[in-house]
Structures are given as C-alpha cells and as structure tokens.
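Structural overview for review
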Amino acid sequence: MTRFAFLFSAFIAGASGAAAQDLTVRSGEHEGYTRLVVQVPQDTDWVLKQTKNGARLNVALKDVTYRTGTVFQRLTQNRLAAISQAEPGGALELEFGCDCVASAFLFKSTMIVIDIAPGTFLPPLTSNIQAPVLPKTPKEIKTTGPEQTIDALALPLLNLNANGFEDQLSTRLLQGADRGIIDLNIAPVGPRASNGNQSLFLPADVELNVQVTSILDGLNGLLGPDVPKVERRPPCVSSAELAFDRWSDERPFPEQAAQLRSELYQEFDTIDKESALKLAKLYAHSGFGAEAIRALDLLDERSLETEHIAAIARVLDDGPLIEGNPFQGLQRCEGDVALWAAMSEGNLQGDANLTAIEQSFARLPDHLRRHVGPALSDILVDGDELEAARRILRSVDRVKTQTSANVAQAKAKVAAAEGDAPRTEALLTEAIEASDATLEAPLALARLVDKRWLERGAISPQELDLAESYTVEFRRSDIGPLMKQTHMVALSLSQEFDASLDLVAELSEDAESADALNRAVLILTERADDATFLRRVLILSHKHSQNLTTDTAIAVADRLAKLGFSRHAYALAKRHQDRLRRGERARLRAKAALLDQRPHQAMLELDDDQTDAASMLRTEALIAAEDFAAAGDLMRNSGREDEANRLFWLADLPEQVNLENHTKFDQVVQTSQGLTGAPARLPETPLADAENLLRDSVETRNRIAELFAILSQP
C-alpha cells in the first residue's frame, strides 16, 4: 500500500510539473481593444516587445508551450490576425491585422493581460533624451512660522511658510521654463474653481493664476493606448443567498404547484406576492423556464432575487443570455452562482472556479442534470477543459434513462476535441437518428458536414437528401440560415458545384454565410475540372470575390495563374483587405505579370522576397528580359549549377561555366567551344588545304550531331 501511494504521488507530481509548462491563451473582444490573457505561475518573469505590425511575448519558463486553439473562437474583430509559436520554449508571436499596438500588465500575479488597440508604435522616448540638470536642493531653513502638520506628504517644500513656498515654486517654474521642460500659461487674474484643498498650505487670499504643463503632455496619444485599468468586478452571491436548493421541497411537483396556485390570488383577486415568488422558483427549479417568467410577471416588480430567478429560467429555455445577465463576471465565486454564471455567459472565463461549477452541477436534481449537462459540457470543451467535460457527461449518463440526442452531440464534441474522428462521426450519426431529436438532429448534421469538410471527405446521398429536407423544414426558424449553409457545403462535397454555388444568392450577408461561400469555393478549386472551375469562378460577383478569405483567394488565384488567366489572378492577389501571406500573394502577382509579358513588373513584385520560389520566378523574369547572365548568377547562388551553365551558354559566356561538375551543359559548352575554332589553312599547298577543309567539315558535322544528342537527353 505504501509503495502504491508513493508511485501515485510521483505520478501526480510529474503530471503537475509537465502541465506547468503549458500556458493557455484565452481571448475576448472589448469595445476599442482585443484582450488576451495568459495564465502563468506566480513570480514568473515576462517581457512583451513590440515588433513590426505585431508583438512578441517571452516568458521565463523552460520548454513552455502556448495553447492557442480557442483564441479565434471568441474574436470578432480583425485586430489579431495570427498567433503562433515556432517551437516549444520559444516566444509567442502576435501578428496584427490593423495598425495596432499592444500593452500588457500583470493581474493577480498569475495572469499576463495583453490588450491590442488601434494606435501607432513609436520607439521608446528614453534612450536619447538627457535628464534635465536641476539645482541642488537648498538646505532646510528653519523659520518661525506656524508648524506644518501634513505628515502624509513628506515633501521638503511643505516645510516652508506660504511666502517661502511661493518663492521657491516661482524659482523652480522659471528654471523649468528656461530649460524647456515645462510651459507656463499665465491665466487672467480672477476667481476660479479649485479641485484641491489649498487651504492647508496657502493663504486664503492667494489667487491661483498659474497653470503648469509638462512637455510630456504634448505627447498625449503618441505613446499608444493607456494601460487599461483592472475592471471592477461585481460582488459574489453566496449559495445561502441564492438558496437554489430550497426553491423546491421533497413533495412531488404537482402537489407543490397545486398548493401554490391555490394560494396565488387573495381577496378581490389581488396577487399574493410571496406565493407568486415561490411558484416562479418552483417552476425554475423544475426546468419550466417560460412558466417561471410568467409567474414573475404577476409580481409587477423587480429585485435582485427576481432577476436571479428570471436569468436561470431564460438559461433553461434559451441558453446563454445576450444582455441583462445578473450573473455576469461571477464565475470566480464559490457556490452555485459559479455554475449559473458559466451557463448564462456561455463560455468559460479565465478565472472560473471549476471546482465550484462541478460541485454545483453534482448537487442539481436529476432532471436538471440531464437538461443542463450537455450545454455545460460544450462550454467546458470550448474552454479546453476536456476532463471536466467528460466528468459532466459521465454524471449525466448515471441519471439518464434513454439515449438522448443532445447528450450524444455533447459527447461528439468531446470526441472531436480529442481528435477521435471515428467516434465523433458515430456519435453525430447517433444524434441524427435519435428518436427524441428535434433541433438536435439538424445541428448534428451541420456538425457532421463540417467535420467532413475539414477532412475533405464525401457526403452520402442520404445525408445530402437529409440536408435538403432540413433546409425546407426549418426555413422559417432561427436555424434556417445554418441549414442553407450546411446544404451548400454538402452539395460542394458531393461535387454538385453548380447547385452549390447557385445557393449563394439565397444566403444572408453575414460572417457565417461568407464562411460557407469560402468552403464551397475551396472545394470547387480543389476538385472541379478546369471548365467547371473557370465557369463558376469567373462569374463570381465583385461582392462575393471580396468576401473570400485570404487563403481561399490565394488558392483560386494560383489555379487561375496556372490556367493562364493572369488578369483575374492578379486581381485576387492584390486585394486591399488582405494582410496575411504577403510573400505568396507577391509571387502570384509576379506570375501574373510574367504571363502578361511584364518581366520588370515581376521583378518589382519580388523585390523583398528571398525564398527559393521567388528566386525561380526572378530567374524566369530575367530570362524573359533576355538577361541570361544575371539569371545564371541567380541559379548559381541557389546551388543549381547545371541550370546556371545552361544560362551562361545561352549568354555566350563560356568562361563563366563551371566545367568541374561533369553535368549535361558542361558537355554542351565543351562541344560548342570545339565548333568555334577556325580550321587550319595551307595556302601554299592547295590540294592539302582542300583535304584539310573536308576533314574539318566532317569533324564539325560530327560535333553538331553530338551536340544535338546531348541536348536531347532528359
């Protein structure tokens, strides 16, 4: 037993040590800035450095790995364009999608908070500015004036009387003005309001007619966004104050509801407010959200208690709250309120009290665990808490009586996060075929189509028919647009490209519809034949072309360039909204310029690109410009000696050819040099001279035949 305990402790210690090197990066959008939060161990050194169009975070942890899988799920703006880490232990690289700067601060000694806001990055203003030379502080002069009693402000100047203070202040201000450190703005003499209590050290009759400003005030707005203040968080609500477990007693629901409904109306049909409140609590505790809201409407008054009841009722019926959430920011608290805060917000916050959430869920009655469990599991999966999500679903399995579509769908989401593709597909199929599936079946089908698209799989005819039927069935519901998008992607995966892209006109103009368009166009680019691809891509409207993502636009432009459609490829590779993958887009523009016989424009596009692909394009441009010598130098610098020798041979520069590698064009150059020599002439002996010319002619023909043979070799 002792040995087992020792091994278990060692395993836990090892797991904790390994996990300590994995830092989760969470994200959130705020008005005016994008916030990233990195959870680090206490007393960890860190540095945030601004880079060109981005920032770099270095943390003093060995082999640290940043978990960034869920960062872009919560972002709606384009302030953060990319986030990456080159290798374990490396820095966290941030690339901005706007003209932004990043600022950071440490919160609670364990959270690095990075805010990305619009602004212009300037170098620090501390390296080239010399500190001003100030006069030495004069020795303290004892005076016979009244003794000052301000102990909290231990400033030497406050030990003077009013006249001495005025003299020294005037001296310092004038010295600062002479050195350009401060600006003096002498205001007109007259009464004005004062924010501070000047009576502590100034006479009552002194007029404040001096306004002092520092030169740093002129830099307002140039040093980037201010360091954001830590948000004030609402106070926690205890479990005793919420008292959710006392909203119902041990009696059956019909008996409790009947008693409270009978006590609801008093004499003259007046509402018994206490009974109405208890009835609303009973309905919410039993899972009847709409009925609880109706009971609260009878009260015709609002309080913190009624807001809590209404919030829980809306969560049970409609899911996360968009506005009017009294549980906002309370996931950090102890007790039941942490659970309802997570459910009402719809996502797991960085400071969430996971233990309190799970314990509160375990205390729920069986019917609420079956109802709330799948949604809570989805929230935990989105927050990278897979093991907690598994525990929630195991708790649901212990109290459920039959197969449930929403539970199967929640399990599928956990399996997808684990990377178990076969189990994910089986669970989604189970959710689609479940007998109790209402909205769960079309949502499960949407997730199944999404999975097939990510894997570049195929859609069966039955699944395609089901997607089409759901599109018709739910066309007037809230999930109608989602089903249209699902049908569109399913058609493209079935290679019915015309039918898929014909649905574009029926989609609404939002981010989800743009995502469906991009998916369909990507499958078209990857799988369609040339005629179908060109017919559908070339008739895309300007609006739809602008809605393509950078990745999709690059894929389409690359295939258009390969097919020779230079103008369309150039337009897609030079969209003003694209900021990512600059090198690839520049190379596509260079390809388009080469197709248009504009080699010098291609060279300009590749000016800052030093990759091998750019070198090959630059060589093609030089060859098109008939500058074979420069093209040969590029090939030699890239290590392609045989191609360099070919270009030097075309440039008629045999002296530049390296003949030591014994490659194909080494032989071509040697054979060509043999053809350039003049034949030996014998003018004194005409017959011998003629014989020599005939012999040289035969040798020349043989060398030409040998040259053709070498050139015909692969």
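Here the structure is shown first, and the text comes after it.
Now for the overall build of the chain. Counting its secondary structure elements, the chain contains 29 helices and eleven strands. Within the chain, buried positions represent 39% of all 714 residues. Contacts spanning at least 24 positions in sequence make up 54% of the contacts within the chain whose residues lie at least 6 apart. Split by element, the accessible area of the chain, about 41,300 Å² in all, is 53% carbon and sulfur.

So, about helix H21 (residues 550–562). The end-to-end C-alpha separation of H21 is 18 Å, in line with the 18 Å expected for 13 residues at 1.5 Å each. Among the residues of H21, those classed as buried are Thr550, Thr552, Ala553, Ile554, Val556, Ala557, Arg559, Leu560 and Ala561. Contact partners of the buried residues in H21: helix H18 (511–527), helix H19 (530–537), helix H22 (566–573) and helix H23 (582–595). Two residues or fewer after H21 comes Gly564, characterised by a positive phi angle close to 90 degrees.

On to the pairing of strand S2 (residues 33–39). Counting buried residues along S2, six of its seven residues qualify, which places the element largely inside the surrounding structure. Adjacent in sequence and paired antiparallel, strand S1 (residues 22–30) and S2 are bridged by two residues, among which Gly32 carries a positive phi angle near 95 degrees. The sheet contact formed by S2 and strand S9 (residues 111–118) spans six bridges and is antiparallel. Bridge pairing in S9 links Leu36 to Ile114.

A word on the sheet that holds strand S6 (residues 80–85). Within the open sheet, the four strands sit side by side as S3-S4-S7-S6. Their pairing is antiparallel. Of all the strands in the sheet, just strand S3 (46–51) and S6 have a single pairing partner and so form its edges. Across the sheet, the axes of successive neighbouring strands diverge by a mean angle of 15 degrees, strand direction being ignored. In this sheet, strand S4 (residues 54–59) lies alongside S3 in antiparallel orientation, the contact comprising six bridges. Looking at S4, one finds that Thr51 is bridged to Gly54.

Calculation rules
Residues numbered from 1 in each chain as written. Predicted model: local features only at pLDDT ≥ 70, side-chain atom pairs only at ≥ 80, totals over all residues. Heavy atoms only, no water. Helix = DSSP H or I, 4+ residues; strand = E, 2+ residues; numbered from the N terminus. Buried < 20%, exposed > 50% of the residue type's maximum accessible area, 1.4 Å probe, protein only. Contact = heavy atoms within 4.5 Å. Areas by Shrake-Rupley, 256 points an atom, 1.4 Å probe, with all protein chains shown as cover. Expected span 1.5 Å × (residues − 1). Pairing = 2+ DSSP bridges. Axes fitted to C-alpha atoms, helices over the stretch in contact; angles between N-to-C directions.

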